[in-house]
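Residue-level listing of the chains:
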Amino acid sequence: MPDFRKDYKLDRLAEHFNVAQFVSFAPSQTEPTQQYCRLANLPENTSFASLSSALQALFERSVDGTVNVRSFSEAESQSREFLYALKTVDEAESAIKRIAREGAFTIANETIDVSDGGVSGVAMGGLVEFRPDATPRGVERPGFASLPTTWATQLFKIVYGFDPALDASENARIEFSLHPRARGWRQTNTIFWEYGEVDNFERAADVRWPNDFSRLIGDKVYGLLIGHIAGLPVPRTTVISRRVAPFIFGSDTGTAEQWIRTSPFVQIPGKYTTARGWHDPFRLMQNEDPEGAALASVLAQQGVKAEYSGAAIEASDGELIIEGTKGTGEGFMQGSVVPQPLPSHVLDAVNATHAELRRVLGNVRFEWVFDGNTAWVVQLHIGVSQSLGRAIVPGEANEWVVFDVKNGLEALRQFVASLAQDTGIYLNGNVGRTSHIADVVRKAGIPTRLMESEDDGKS
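Along each chain, residue indices are assigned from 1 in the same order as the chain's sequence is written. Two thresholds apply to this predicted model, a pLDDT of at least 70 for residue-level local features and 80 or more for giving and counting side-chain atom pairs, whereas whole-chain, interface and lining totals are computed over all residues. Side-chain metrics rest on all non-hydrogen atoms present in the structure, leaving aside hydrogens and water.

> Quick question: what am I supposed to make of the overall build of the protein here?
Along the backbone of the protein there are eleven helices and 23 strands. Taken over the C-alpha atoms alone, the protein extends approximately 90 × 50 × 45 Å along its principal axes. Three exposure classes are used, based on accessible area relative to the maximum for each residue type with a 1.4 Å probe and protein chains only: buried under 20%, partly exposed in between, and exposed over 50%. Counting over 459 residues, the protein shows a buried share of 55%. Counting only contacts in the protein whose residues sit at least 6 apart along the sequence, the fraction spanning at least 24 positions is 62%. Accessible surface, the protein: about 20000 Å² in total, of which carbon and sulfur atoms supply 47%. Considering the protein, the positive charge centre built from 44 side chains and the negative charge centre built from 58 side chains are found 2 Å apart. Secondary structure elements follow DSSP: runs of H or I no shorter than four residues count as helices, runs of E no shorter than two count as strands, and numbering proceeds from the N terminus. By the convention used here, residues are in contact when the closest approach between their heavy atoms is within 4.5 Å. Using a 1.4 Å probe, the Shrake-Rupley method yields the accessible areas, and only the shown protein chains count as cover for residues. Residues scored as charged are limited to Lys and Arg (positive) and Asp and Glu (negative), so that His and the chain ends carry no count. For charged residues, the charge sits on one atom: NZ in Lys, CZ in Arg, CG in Asp, CD in Glu.

Structure follows, in structure tokens:
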């Protein structure tokens, strides 16, 4: 069969995998001749009496009630006409007859909604690259997620509740899409778009975020999911998302207490609610983000019996900075509670958690809660902090202004937004280098230093 025959290749793919339901036709000056057919609950390549009856059967089985028509010829195998989401049999029939008279082949297939909360991507040689709201070719532009196949499979099982069946990608290149609702001629949740054997593939996963998938479920959720999949202790967490059905991951902490945490699309340090005890997640999202412009999800997370809590970051010179306080750490992270000396056994536990995170992910920053035995990970990010010594954000400025940390995190956020260019900040007060106070100025990129004391000015 000639290489340009896309319908033939699609039919061969359907012998082993689930593909979008389709019927294909050959060129004709009269009635287009049916070539291949894969429709749910019908034998492969069922022959229909007419073009209209074939299209009627396809429309009846399309989840979204629409079909696409794509066309190809030997001269134009890639770039011929493509018609998306046609709504009636008459509309599709008229288009196929017209294209057939022009001497081109056509494939009518069920419309696959790639913005249904699922993802599309490419799996190959132990690596999966994927993103929501795109076809598999979406990985050809920046912003996709990248995970080892074993990690991606675990993530998809957790988030969507089914095995994506990507095992064949170990020695092949597979273009695929995952959907919350079963689709295709085999009626499963994974659609295969293309398959090709690969002899050698050496690229490794680049595990980092934010990416388009972390924005879909929330930055905080994605980080914790990666920590859980990597084998770190993450409290049992139920995710209530705007675009994906609720899902659960993490481990039992041994308490019945619940915390509610908000998860923005991207990290916004300390701006949205973290609260002890149950709060209505839907009211919380409505009150704090009524337009849906900032929050991707809300987490109901099992509490940890907190002896100490805090955060750890890697400074730009490689120093691991571990800070915290007795009890729960929300005051410390907000900057209202000063860092306290941590016992050696707490530091040992946090160091051990960091060592394992660094082994599997590279440079990381994370928030932790220590229960007497285990340093639980309650927030996780990739990368080294730019901080060095007392410089939260290294750099010089023409003018330096003082901010008193007692004014609080929201006041700092407004203060940072109001600063003129080439202005630096001295933070007046005993505040942690791992706190949200420090995170805000780091994200803003404004040169910021800790003052030696509240009285000494600019040292």
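> How should I be thinking about the packing of aromatic side chains in this particular structure?
Working definition: an aromatic ring pair is given by the centre-to-centre distance plus the angle between the planes. Geometry of aromatic contacts follows a simple scheme: Phe, Tyr and Trp rings, the Trp one being its six-membered ring, pair when their centres are within 6.5 Å, and the pair is stacked under 30 degrees between planes, edge-to-face over 60, tilted otherwise. Enumeration according to the criterion identifies 14 aromatic pairs in this entry. Arranged with centres 5.0 Å apart and planes meeting at 70 degrees, the rings of Phe 130 and Phe 156 form a pair that is edge-to-face. Placement of the pair is Phe 130 in strand β7 (residues 127–131) and Phe 156 in helix α4 (residues 149–160), with a sequence separation of 26 residues. By way of ring pairs, the aromatic residues Phe 130, Phe 156, Tyr 160, Phe 162, Trp 209, Phe 213 and Tyr 222 are connected into one cluster. Sitting over the face of the ring of Trp 185, Arg 38 holds its NZ or CZ atom 4.7 Å from the ring centroid. Only when the NZ atom of a Lys or the CZ atom of an Arg is both within 6 Å of the ring centre and within 35 degrees of the ring normal do we say a charge sits over the ring. It is Lys 271 that lies over the ring of Tyr 272; its NZ or CZ is 5.7 Å from the centre.

> How do you make sense of the nonpolar core when you look at a structure like this?
The tendency in soluble globular proteins is for nonpolar side chains to be buried side by side. Membership of the largest hydrophobic core comes to 68 residues, with the highest contact counts inside it found for Phe 156, Phe 213 and Trp 368. At seven residues, the largest contribution of residues to this core is made by α4. With near-sequence residues (within four places) excluded, Phe 156 lies in contact with Val 119, Val 128, Phe 130, Gly 161, Phe 162, Pro 164, Leu 166 and Leu 178. Listed in part, the 22 residues of the second largest apolar core include Val 23, Cys 37, Leu 39 and Ala 108. Note on terminology: a nonpolar core comprises buried Ala, Val, Leu, Ile, Met, Phe, Trp, Tyr and Cys residues joined through side-chain atoms within 4.5 Å.

> Please explain empty space enclosed by the protein as it appears in this structure.
Once rolled over the atoms, a probe with the size of a water molecule shows which space is left empty. Buriedness for pockets is judged along seven lines, at least five of which must meet protein on both sides within 12 Å for an open set on the 1 Å grid over protein atoms alone, while cavities are sets there where a 1.4 Å probe fits but cannot get out, and lining residues have an atom within 4 Å of a point. Grid points are joined across faces, edges and corners, and a volume is the space filled by probe spheres set on the points. Inspection of the entire model under this criterion finds one cavity of 30 Å³ or more. Size it by volume and the largest cavity reaches roughly 110 Å³.

From the geometry alone we can't say anything about function, so treat these as descriptive.
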